[in-house]
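For reference, the chains in residue letters:
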Amino acid sequence: METDCPIGVFDSGYGGLTILKDITRELPGYDYIYLGDNARTPYGTRSYDVVYKYTRQAVEKLFEMGCHLVILACNTASAKALRTIQQVDVPRIDPERRVLGVIRPSVEALAGFTRNGHIGIMATRGTVTSRSYLLEIEKLYPGKTLRVTQEACPMWVPLVENDEQDSPGAAFFVQQHVSRVFNEDPGIDTLILACTHYPLLRVQIDRYIPEGVAVIEQGMLIARSLQAYLRRHPGIEWRLSRSGQISYYTTESEEMFDRMGSRFMQAPVRSVRIEL
Ligand code: DGL
């Protein structure tokens, strides 16, 4: 039985690095492989079929690289591909392996934040139209009267991917979507940034949200949920390799990934380009 397995972390681009950063801070001893599909980002505007195909290819690549546990650190991939990958692909490839997403742990955390049950969800168009957050909320809080308002922010990911998050253009699009969600429900007391890219826009977001609103970023939630998962699954935890190394792979330019990645991780990043 293999016992030298890194943890795979996948995102459509750089956004998942916001999750990786918190995971490696909370669980520094393990080895990690990060894969960003920068050549095909954004996923948020793509159809089910395409998001599923791209995500499956990424998971297969991470499995080939020796990962037995893969985190889809991308809400869009978690919304549109996770279930099929868990139910169809993992059993076919190797039933011992595991693929986890980011939506369930985020929804689980909601109860600890909202006081009045008014929740805002900022996400890609793909995540919003999949209704995955709404379904998960219904499942986890049956019978509770929660008011959930979703807002698709299609410009936010391209702004981050193109390093424009601090520009006046970004301020315009951030204000537009934040005002829309609060116009729809002025009572929102908890706002989830349900896309891994959005923490990079946090400074701009904070300028436009009403005082007293809790803003949830996913990194720490996913890190804690992974920690709890590994405690509950010692058989999986036992297989993980532990030399504290992080390897980075991208489907686009290494130079661009290293520059952006080093900023996201606040540490030097050296990536390798691969094809999926
Ligand atoms: N970072 C991804 C998410 O969390 C989506 C980015 C994209 O549109 O590719 O939803």
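Everything below is about the structure shown above.
Computed from a predicted model, the values in this text were never measured in an experiment. Sequence order sets the numbering: in each chain, residues are counted from 1 along the sequence as written. Totals for whole chains, interfaces and linings use all residues, but because this is a predicted model, local features are given only for residues with pLDDT of at least 70 and pairs of side-chain atoms are given and counted only at 80 or more. As a rule here, side-chain values come from all non-hydrogen atoms in the structure, and water together with hydrogens is ignored.

What is the right way to look at the nonpolar core in this model?
Side chains that are nonpolar tend, in soluble globular proteins, to be buried together. Remark: nonpolar core denotes a set of buried residues (Ala, Val, Leu, Ile, Met, Phe, Trp, Tyr, Cys) joined through side-chain atoms within 4.5 Å. Burial classes follow relative accessibility: with a 1.4 Å probe on protein chains only, a residue under 20% of its type's maximum area counts as buried, one over 50% as exposed, and anything between as partly exposed. Core analysis: the biggest nonpolar cluster contains 50 residues, and Ile7, Leu17, Met122, Trp156 and Leu230 have the highest contact counts within it. Sequence-distant contacts of tryptophan 156, defined by excluding residues within four places in its chain, comprise Met122, Phe173, Val174, His177, Val178, Tyr198, Leu201 and Ile205. Core analysis: the next-biggest nonpolar cluster, separate from the first, contains 23 residues, Phe10, Val59, Val90 and Tyr249 among them. Here, two residues are considered to be in contact whenever any of their heavy atoms come within 4.5 Å of each other.

Is there a simple way to explain the packing of helix H2 (residues 48-64) against helix H4 (residues 82-93) in this structure?
Geometry of a packed helix pair, given as the angle between the helix axes and the separation of the axes. Axis definition: a line fitted to C-alpha atoms, limited for helices to the stretch in contact. Angles are taken between N-to-C directions and run from 0 to 180 degrees. Counting from the N terminus, the helices are DSSP H or I runs at least four residues long and the strands are E runs at least two residues long. H4 packs onto H2 with a crossing angle of 40° between their chain directions and a minimal axis gap of 12 Å. The interaxial crossing formed by H2 with H4 has right-handed handedness. Contacts between H2 and H4 involve Tyr52, Thr55, Arg56, Val59, Glu60 and Phe63 from the first element and Thr84, Ile85, Asp89, Val90, Arg92 and Ile93 from the second. Classifying every residue of the contact of H2 with H4 gives 6 nonpolar, 2 polar and 4 charged. Helix crossings get a hand from a simple test, with the near helix turned counterclockwise from the far one by less than a right angle marking a left-handed crossing and a clockwise turn marking a right-handed one. We call Asp, Glu, Lys and Arg charged. Ala, Val, Leu, Ile, Met, Phe, Trp, Tyr, Cys and Pro are nonpolar, and the rest, Gly among them, are polar.

Is there a simple way to explain the packing of aromatic side chains in this structure?
A pair of aromatic rings is counted whenever rings of Phe, Tyr or Trp (Trp by its six-membered ring) have centres within 6.5 Å, and the orientation is called stacked for planes under 30 degrees apart, edge-to-face for over 60 and tilted otherwise. What the rule picks out here adds up to 9 aromatic pairs. Here tyrosine 43 and tyrosine 54 contribute two aromatic rings whose centre-to-centre distance is 5.6 Å and whose plane-to-plane angle is 50°, an arrangement assigned as tilted. Residue tyrosine 43 is located in the loop between strand S2 (32-36) and H2, and its partner tyrosine 54 is located in helix H2; the two are separated by 11 residues in the primary sequence. Grouping residues by exposure puts tyrosine 43 and tyrosine 54 together as buried. Following the ring pairs from residue to residue traces out a cluster consisting of Tyr14, Tyr34, Tyr248, Phe257 and Phe264. Geometrically, a charge over a ring is one whose NZ (Lys) or CZ (Arg) sits within 6 Å of the ring centre while staying within 35 degrees of the ring normal. Between the NZ or CZ atom of arginine 40 and the centre of the ring of tyrosine 54, over which it lies, the distance is 3.7 Å. Looking at arginine 56, its charged tip hangs above the ring of tyrosine 52, at a distance of 5.2 Å from the centre.

Would you explain the side chain of aspartate 89 in this entry?
Its place among the elements puts aspartate 89 in helix H4. Once you skip the residues sitting within four places of it in the chain, aspartate 89 turns out to touch Tyr52, Arg56 and Thr84.

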